[in-house]
Amino acid sequence: MADVMGTVVNFTIDRLAFSPSPPVAVAVVNFDGGGRFTCEMTDIERDQIGIGDRVEMTFRKICTADGVHNYFWKARPAAAAQTVGEGI
Amino acid sequence: MGRGICDRVAIVGMGCTNFGELWDRSVDDMLIDSSQAAMTSAGVTRSAIDAYWVGTAGSGVSGLTLSKPLRLENRPVTRVENMCATGSEALRNACYAVASGAFDMAMAIGVEKLKDSGFSGLVMPLLPSDGTDSEVTAPAKFSLLAPAYAKKYGLDEQQMKDVLTRIAWKNHHNGARNELAQFRKEVSQEVIAKATLIAGMLGVFDCSGVSDGSAAAIVVRAEDAHRYTDKPIYVKGLSLVSGPAKGNIDESYDFTTFDEVVASAADAYAQAGMSNPRAELAMAEVHDCFTPTELVLTEDLGFAERGNGWKEVMAGTFDLDGELPVNPDGGLKAFGHPVGASGLRMMYECWLQLRQEAPPERRIRTIDSGRKLALTHNLGGQPGECVSFVSVVGSEPNG
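Note that the structure is a prediction, hence the values are computed from the model and not measured.

Student: Where do I start with the sheet that holds strand S9 (residues 281-285) of chain B in this structure?
Tutor: All names here are of chain B. The strand order across the open sheet built from nine strands is S3-S2-S4-S7-S1-S8-S11-S10-S9, with neighbouring strands paired in mixed fashion. Here the strands that pair on one side only, and so sit at the sheet edges, are strand S3 (77-80) and S9. Direction aside, neighbouring strands of the sheet carry axes that sit 25 degrees apart on average. Summarising the sheet, strand S10 (residues 373-382) and strand S11 (residues 385-394) pair through 10 bridges and their orientation is antiparallel. Bridged to Leu 379 within S11 is Ser 388.

Student: Help me understand the interface of chain A and chain B, please; the structure alone is not making it clear to me.
Tutor: As a measure of interface size, the accessible area lost when the parts come together is often cited. Taken together, the 18 residues of chain A in the interface contact 23 residues of chain B. Of the roughly 1700 Å² buried between chain A and chain B on both sides combined, carbon and sulfur atoms contribute 58%. Among the residues of chain A in contact with chain B, Asn 10, Arg 15 and Arg 36 of chain A are the three that bury the most area, contributing 32% of the side total. Here chain A is connected to chain B by zero salt bridges. The tally of links from chain A across to chain B stands at 13 residue pairs in polar contact (both at pLDDT 80 or more). Per element, the largest residue contribution to the side of chain A that touches chain B is five residues, and it comes from strand S1 (residues 5-14) of chain A.

Student: Can you help me understand the pattern of salt bridges in this one?
Tutor: Two side chains carrying opposite charge are able to pair once their charged atoms lie near each other. Taken as a whole and assessed by the stated rule, the structure comprises 31 salt bridges over all chains. We note a salt bridge from Asp 32 of chain A to Arg 54 of chain A, for which the minimum N-O separation is 2.7 Å. With Asp 32 of chain A in the loop between strand S2 (24-31) and strand S3 (36-40) and Arg 54 of chain A in strand S4 (residues 54-65), the pair connects residues that are 22 residues apart, well separated along the chain. By relative accessible area, Arg 54 of chain A is classed as partly exposed at 36%. Ionic pairing is found between Arg 92 of chain B and Glu 89 of chain B, a salt bridge with its closest N-O pair at 2.5 Å. With Arg 92 of chain B and Glu 89 of chain B both in helix H3 (residues 86-99) and three residues apart, this pair spans about one turn of that helix. Residue Arg 92 of chain B is classed as buried on the basis of its relative accessible area, which comes to 19%. Taking relative accessible area as the criterion, Glu 89 of chain B reaches 9% and is therefore assigned buried. One salt-bridge network, held together by shared partners, links Asp 104, Arg 221, Glu 223, Asp 224 and Arg 227 of chain B.

The rules behind these values
Residues numbered from 1 in each chain as written. Chains lettered and ligands numbered in written order. Predicted model: local features only at pLDDT ≥ 70, side-chain atom pairs only at ≥ 80, totals over all residues. Heavy atoms only, no water. Pairing = 2+ DSSP bridges. Helix = DSSP H or I, 4+ residues; strand = E, 2+ residues; numbered from the N terminus. Axes fitted to C-alpha atoms, helices over the stretch in contact; angles between N-to-C directions. Contact = heavy atoms within 4.5 Å. Buried area = accessible area lost by both parts, 1.4 Å probe. Salt bridge = Lys/Arg side-chain N within 4 Å of Asp/Glu carboxyl O. Polar contact = N/O pair within 3.5 Å; in protein donor to acceptor, adjacent residues only side chain to side chain. Buried < 20%, exposed > 50% of the residue type's maximum accessible area, 1.4 Å probe, protein only.

Printed below as a string of structure tokens:
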């Protein structure tokens, strides 16, 4: 997934969902070459997300339960591609 | 799709509890209250009812949910579940059972107890999965309708917020005129618009009420209906569809429509012999779980042209005194949403309005102008992945 770019076609901020980095920014991403996935956004300033934004995928921590860390794909702005994300 | 059972069965009795935070009433209490009210309404006792369908999303399992509190003596009781369309599913099955000739009289009853679980909101059972399902909340899923609609039809953010606010304002206005509703106060558009945000542009007043409640209907063959009431409500169309759930993987889905609603509406209208719902319906009860849902539904159900629903909302078309009143009882927004009961609660308002028994303060005028049909729309799931139910009922059999 890490080398596939996509475009945000819809988004919302979920202020109810649990996340270690609330509020959860949710993006519906259409991928270059086909396919769609709805996932959490990361490496963004609050609310800085818009329809048409270009994103890439990054493998991040989703949550920790009973000491078990769960990682999965999140989207982040394509402009952040050159910097290594430190957050979750 | 199916041929339908237009005018073959009729509703001859209904009951509905008040909805709300009913800390003093259990699931059993609510089932007893709504079933008793329905039986009183039809002038029958338990011995006359041949079979039961009880709908609950999570407040009971099996037919024992109903047979135990009612102490039914070995009658067929089926528990059904179809997410937030559960109450409608109970009615649909009861109608088909009577239409088949297997039973003379059936009861459909729905119930939900959401306020004693220790959690806020609807708690779904944890299902086996591959762990990749999104854990986005219901308001966030439905909030996706708003930016998509605004972008497609050229509304700026403030215009979109105004449209959603007006829908919430209208449903609170109607709920204030309903003694059974969870929220019985009018709320100003200013208060609605400034409320704490929950998801996207949805504030707390854009979300339906989390509540306890129960509603019930008694169904018989149409030719028997006048034995029980002078004003039966005839079932014209019943459509339930479950979609392919590809909205979250299919790039072409644009979050401005529910394909499942369009399909179930077309099916129900065909069964009922309708061609112009906007002109033929006296009222509609639609699944306003969140305000943008009601906006999209006005278009999916054919009450407004594509892209024009928001203009009709702002023009008051769907107000209590509008051309086509939508959610005259306050809807999920103000009446509350005890999941398994909601579909039957919608039918209860059709029952009252078509029989001209709604209290004067919320009686719709479209009945006076000769319209005799009402619609309920019930939806479970989320945009792009849902089940949808549409019914059409009427106060007279087709000529």
